[in-house]
Amino acid sequence: MKAIEMEKAYDPKTFEDRIYGEWESKGYFKPASDEASPVHAKYACQCESCKKSDTYAVVIPPPNVTGVLHMGHGLNNTLQDIVVRYHRMRGDNTLWVTGTDHAGIATQNVVERKLKAEGKTRNDLGREKFLERTWQVKEEHHNIIVKQQKKLGNSTDWDRERFTYDEGLSGAVREVFVTLYERGLMYKGKRLVNWCPRCGTALADDEVDHEDTQGAMYHLYYEYADGSGKIEVATTRPETFFGDTAVAVNPKDERYKAIVGKMLKLPLTGKEIPIIADDYVDMEFGTGMVKITPAHDPNDWEVGKRHNLEVINLLTPDGRMNENVPEKYRGLKPEAARKLVIEDLTEAGLFKEEEKMVHSVGKCYRCKTVVEPYLSDQWFVKMKPMADKALAAWKAGEIQFFPQKWENTYEQWLVNIRDWCVSRQIWWGHRIPAWYCECGETIVSRTDPTCCPKCGAGAEKLKQDPDVLDTWFSSWLWPFSTLGWPEKTADLEKFYPTTALVTAYDIIFFWVARMIMAGLEFTGKAPFHDIYIHGLVRDKQGRKMSKSLGNGIDPLEIIDMYGSDALKFTLAFMCAQGQDILVDKDSFKLGSRFCNKVWNASRYLLGNLEGRNLVAVKDSDLTELDRWIYARLNYAAKTAREALESYRYNDAASAMMEFFWNEFCDWYVEATKINFKNGDDAEKDRQATVLMDILEESLRLLHPYIPFVTEEIYQKLPLADLVATRSADNKIITNSTYNGMLMNAPYPEFSAARENAEVEARFEVLKDLIGKVRASKVDCGIDPAIKINIAIKIEKGSAAEVAREKVEMIQLLGGVAKIEFVDEKPASSIGTVGKGFEAFVILDENINKEQLLTRFEKAIAQETEWARRSENKLNGNFAQHAPAELVEKEKEILAEAKRKIEKLQSYVSELK
C-alpha cells in the first residue's frame with residue numbers, strides 16, 4: 001500500500017466549502033424517507049436491521065431578515081447541527097427545517113431608516129410601493145443569512161426552507177386567526193396597550209424591555225373642591241394628571257375613611273374629581289393616596305374599570321400631548337410638558353418637592369423608545385384557556401426542559417398570563433383578515449368577502465382592517481405550519497410533533513410557550529418533547545454582545561480565522577447547561593488546536609502506510625495495549641451518546657477531546673511505535689490495520705462536533721481495504737462495512753465486549769507512573785530530551801505489576817534510559833509515589849535539589865489537606881449516613897494520602 005498524502009498544514013479554507021457543496025448536492029441533508037436521500041434504500045428496506053429507524057425532527061428558530069447572524073445565532077445553530085448530525089448517524093429519519101422570520105416591526109424600521117436617509121416617509125410611497133421596497137430588503141438580507149448558515153455548516157434541508165410570510169404560512173396564519181375568532185378566543189376591544197410612539201404601533205407585554213432609569217418622584221398638592229384644605233399625592237409622570245379621574249385610598253385606612261366621596265380640584269384645570277376607596281392602594285407607600293389616570297397606567301386602568309371612571313387619553317399616536325390637555329401643553333412631548341407643568345404647579349403653590357430616584361421604565365424592544373400606556377382599539381387573543389392546556393401538558397410530561405430549572409419560568413409565565421395584543425399599526429406583515437361594513441358589521445373570513453352577510457353590500461363597501469399581526473403570531477405556528485399545516489401533508493404526518501427545540505432563554509415567553517399553546521390548540525399535540533434552553537454568548541466581562549458596546553464577534557470572521565469546525569467545537573465545549581458562554585476571539589484557538597491535532601495525527605498515520613497491507617485481524621490477535629484503547633473508545637462513545645441524549649454538549653466534547661488527544665494520540669499512537677520499530681512485517685501490518693480501524697471509528701465519534709475536517713480525512717482513508725478486513729465475528733474490532741460519506745456513517749455504539757476493567761486499571765497505573773516520571777524530570781530541572789535512570793518498587797499483587805511487562809513502553813514514553821526493579825529505595829535517589837508503586841529518580845549532577853525539595857514540600861501540603869478532608873468526612877455525618885462502599889472508598893483515600901505523606905517526608909529528610 002502507498003502512503004496517503006495529506007497537506008502538511010491544516011487549512012480549512014481549502015475544503016470546507018467544497019465538502020458542504022458535496023453534502024448538499026448529493027442530498028445528504030434530506031431525511032432518509034425522501035427518495036433523494038442517499039440512504040433511502042436502507043430506510044425503505046423492511047429487514048430486521050433496517051426497520052428500526054426512529055424519527056428525529058427539529059425546526060430552527062428562524063432568524064430575522066433584518067441583518068446578519070451574530071455569535072448567538074452561531075451558538076444556536078451549532079448546537080442544533082450537532083444533535084441533528086448525531087441522530088442522522090444513529091440511523092434516525094432526521095429532518096432539520098430551516099427558514100427566516102419576516103420580523104414585522106424590525107424590518108419596517110430598517111426600511112423606514114433607509115427612506116429617512118432619502119428624505120421620505122412610508123406615507124410618501126404608499127402601502128403597495130412600501131411593501132415592494134420591503135420585499136427587496138428582505139431578499140438582500142435573506143441571501144446573506146443563507147450564505148452565513150452554509151458557512152457554519154448547517155445540515156438543514158434547503159429544499160424545505162420556509163419564510164414566516166410565504167404563501168403557505170400566510171394561509172396558516174389566516175386559518176388560525178379565523179379559528180380563534182370562531183372559538184371566541186380572538187376579540188377586538190378598546191383597551192390600554194403598550195404603545196411605541198416611534199414605531200407607531202401597539203406592543204405585547206413581552207415586547208417591552210424594562211430598564212432601570214434615573215428619574216424622580218414628584219410630590220403635588222390637590223385642593224379640596226370646598227376649599228377646606230389639600231392632600232398630597234406623588235407621581236413619576238406629573239404631566240399625566242390632566243387625565244386623572246379620581247384619587248384613591250385604601251378602604252381599610254382609618255386616616256381617610258371620613259373623606260371618601262369628597263371632591264378635589266384638579267390643578268391647572270376647572271375639573272373636579274372624587275376620592276374613592278380601592279384595595280389596590282398600599283397604605284404604607286407615601287401618603288397612602290394615589291392619583292388614578294385610567295388611560296395611562298395599567299393598574300389605574302383596572303381601578304377605573306372597577307369604579308366606572310372616565311378614561312381620558314392625553315396622547316397622540318406619535319406620543320405628543322393632545323386636545324385633552326390645556327392648549328399651552330398641546331403638541332409637546334411628555335418630557336417637555338412635564339417641565340412646564342412643574343413650573344406652573346410651583347407658581348400656583350401646588351408643587352411640594354422633587355425626589356430623585358431610579359425606577360423601571362418600559363422601552364420598545366426594537367427601537368428602545370419609551371413605551372407609553374395608550375388607550376386604543378386592538379385585536380387580542382384570549383390566552384388563559386390555551387395557557388391551561390400548556391400547563392397540563394407540562395405536568396403530564398409531554399414536554400421536558402433541559403435544564404429543568406426553566407420549568408419554573410414557564411409555569412410562572414403561564415399562571416400569570418394576560419391576553420395577547422396581536423394587532424400592529426404597521427404595513428409589513430400578515431394583514432388582519434377582518435373587514436368592516438358601513439352597516440357596522442365585522443366580517444372575519446378565510447377568504448376575501450364579496451359582500452356583507454348582514455346588509456348585502458358589495459365588496460366595494462367593505463374596508464379591510466389596515467393593521468397587521470404581531471410577528472410572533474406567525475412564529476408561534478412554526479413547528480407545524482412549516483410542515484404544511486393546515487393541509488394534511490406527508491411531512492406533517494411523518495415529522496410532527498417534532499422531537500426537540502433548541503433555543504436561548506431570552507425567548508421562552510415570546511416563542512416557546514406560545515408554540516406549545518398553538519400546537520395543543522390546533523393539532524391537539526405539543527409541538528416538541530425536548531426543550532433545550534441554552535445560555536447567551538457574552539464577552540469575557542460577562543456583558544451581552546451589542547453594537548453599542550462594540551464587543552460583538554462576527555461568526556464569519558472567526559470562521560475566516562480558524563474554520564467552521566473550530567468555532568463549532570469551541571462553542572459546544574464551553575456550553576455547560578444553565579450557563580452563559582464568555583468568549584473573546586482568542587477563545588476559538590481551543591477548537592483550532594483540537595482540529596489541528598486531529599489533522600496532524602491523521603496525517604501521521606496515513607503517511608506511514610507506505611509498504612503496509614491492511615489485513616484481517618481477529619479479536620484474539622489484539623494486544624493488551626489494543627484492548628485498552630478499544631475500551632477507552634468504548635467509554636468515549638458511551639459518554640458522548642449519553643451526553644448528547646440529554647443535551648450536555650460540553651460533556652460530550654470533553655470526552656471526545658480526552659479520548660482522541662490524550663488517550664489515542666499521546667498514549668496509544670506513541671506506544672505503537674515500539675511495534676513498528678521491533679515487529680516483523682506481519683506485526684506491522686496488524687498494527688497498521690488496528691490503527692486505521694480506531695482512526696476510522698474515532699472520526700465517526702468526532703463528526704457531529706467537527707464535521708468538515710473529519711469528513712475531509714474520512715474520504716482519504718483506505719475504506720475499501722479496511723472494510724475488506726472486517727468480520728462480523730469480531731466483538732471488539734469494528735465490524736462496520738460502511739463505505740461512503742462520513743456524514744451518514746453509523747455513530748459508534750457502546751459494546752459490553754469492549755469493557756475490560758482489569759486492563760484499564762493496569763494502564764491507568766502505567767500512565768500514572770510514566771506521568772510522574774515525566775513530572776519528576778520537569779521538577780528536577782532535567783532537560784526533557786535527556787534520558788534518566790530510574791528504579792521502581794512494586795507493591796506485590798497490585799495493578800502496578802504491569803510495569804514489569806511494559807519496560808520498553810516506560811522507556812519510550814517516559815524518557816528513561818534504564819529501569820531497575822527494587823525492593824528498597826536505592827541510595828542517592830528521589831522518589832515519587834503512586835498507587836501500588838514508588839518510582840525513584842537516580843540522583844546525579846543533572847538534578848536541581850533545591851527545586852526538588854520545594855516540589856516535595858508542596859506535595860506534602862497537598863496530601864495533608866486531602867487527608868484532613870477525609871478525616872473530617874469520616875469523623876462526621878458522612879460515615880453514619882453514606883453507603884458502606886463510599887465510606888470504605890473514603891478510608892482508602894485517607895490511607896493512600898497518609899502513605900504518600902510518610903514517603904514524601906522521608907525524601908525531604910534525605911534531601912536536607
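Our subject is the structure that appears above.
Residues numbered from 1 in each chain as written. Predicted model: local features only at pLDDT ≥ 70, side-chain atom pairs only at ≥ 80, totals over all residues. Heavy atoms only, no water.

**Student:** Outline the side chain of Thr 725, supporting the account with residue identities and numerical values.
**Tutor:** Structurally, Thr 725 is set in helix H23 (residues 719-725). Take Thr 725: its relative accessible area is 10%, and that puts it in the buried class. Those residues in contact with Thr 725, other than ones at most four positions away along the chain, are Leu 614, Val 615, Ala 616, Val 617 and Thr 689. (Helix = DSSP H or I, 4+ residues; strand = E, 2+ residues; numbered from the N terminus. Buried < 20%, exposed > 50% of the residue type's maximum accessible area, 1.4 Å probe, protein only. Contact = heavy atoms within 4.5 Å.)

**Student:** Could you give an account of the nonpolar core, naming the residues involved and the relevant values?
**Tutor:** As a rule of thumb, soluble globular proteins bury nonpolar side chains together. Tyr 649, Phe 660, Phe 664 and Tyr 705 are the most contacted members of the largest nonpolar core, which totals 144 residues. For this core, the element with the highest residue contribution is helix H20 (residues 649-678), accounting for 14 residues. (Core = buried A, V, L, I, M, F, W, Y, C linked by side-chain atoms within 4.5 Å.)

**Student:** Explain the sheet that holds strand S16 (residues 420-421) residue by residue, including any values.
**Tutor:** Pairing within the open sheet is antiparallel, and its four strands lie in the order S6-S5-S14-S16. Each of the sheet's edge strands pairs with one partner strand only, and the pair in question is strand S6 (201-203) and S16. Two elements, strand S14 (residues 372-381) and S16, share two bridges in a ladder whose sense is antiparallel. Along S16, the bridge assignment pairs Phe 380 with Cys 421. (Pairing = 2+ DSSP bridges.)

**Student:** Tell me about the packing of H20 against helix H26 (residues 807-814), and name the residues and values.
**Tutor:** For the pair H20 and H26, the least separation of the axes is 10 Å and the interaxial angle reads 120 degrees. Viewed along their axes, H20 and H26 adopt a mutual orientation that is oblique. The hand of the H20/H26 crossing is right-handed. For the pair H20 and H26, the contacting residues are Trp 667, Glu 670, Ala 671, Lys 673, Ile 674 and Asn 678 in the first and Glu 808, Met 809, Leu 812 and Leu 813 in the second. For the contact of H20 with H26, the residue count by class is six nonpolar, one polar and three charged. (Axes fitted to C-alpha atoms, helices over the stretch in contact; angles between N-to-C directions. Parallel < 35°, antiparallel > 145°, perpendicular 65-115°, else oblique. Left-handed = near helix turned anticlockwise from the far one by under 90°. Nonpolar A, V, L, I, M, F, W, Y, C, P; charged D, E, K, R; others polar.)

**Student:** Lay out helix H7 (residues 167-182) with the relevant residues and their values.
**Tutor:** Along its 16 residues, H7 runs 23 Å from first to last C-alpha, staying within 8% of the 22 Å computed at 1.5 Å per residue. Looking at where H7 begins, the residue whose side-chain oxygen comes 3.1 Å from the main-chain nitrogen of Gly 168 is Asp 166. Count one or two residues on from H7 and you reach Gly 184, which has phi positive near 75 degrees. (Expected span 1.5 Å × (residues − 1). Polar contact = N/O pair within 3.5 Å; in protein donor to acceptor, adjacent residues only side chain to side chain.)

**Student:** Go over the packing of aromatic side chains with me, naming the residues and quoting the values.
**Tutor:** If you walk through the whole model with that rule in mind, you get 43 aromatic pairs. When the ring of Tyr 165 is compared with that of Trp 428, the centres are 4.9 Å apart and the planes differ by 80 degrees; the resulting orientation is edge-to-face. A residue pair is termed long-range when its members are at least 10 positions apart, and Tyr 165 in the loop between strand S4 (162-163) and H7 and Trp 428 in the loop between strand S17 (423-424) and strand S18 (434-437) qualify at 263 residues. Here Tyr 165 and Trp 428 have matching classes, each one buried. Residues Phe 480 and Tyr 496 carry aromatic rings whose centres are separated by 5.9 Å and whose planes lie at 80 degrees to one another, so their mutual orientation is edge-to-face. With a gap of 16 residues between them, Phe 480 in helix H13 (residues 478-481) and Tyr 496 in the loop between helix H14 (490-495) and strand S22 (500-504) connect regions that are remote in the sequence. Taken individually, Phe 480 and Tyr 496 each receive the classification buried, so the pair is uniform in this respect. One aromatic cluster is present, built from ring pairs that chain together Phe 177, Tyr 181, Trp 379, Trp 420, Phe 473, Trp 476, Phe 480, Trp 485, Tyr 496 and Phe 522. Above the ring of Trp 23, the side-chain terminus of Arg 85 is found at 4.4 Å from the ring centroid. In this structure, Lys 873 packs its charged tip against the face of Phe 878, placed 4.5 Å from the ring centre. (Phe/Tyr/Trp six-rings, centres within 6.5 Å; stacked < 30°, edge-to-face > 60°. Lys NZ or Arg CZ within 6 Å of the ring centre and 35° of its normal.)

Structural measurements only, silent on function.
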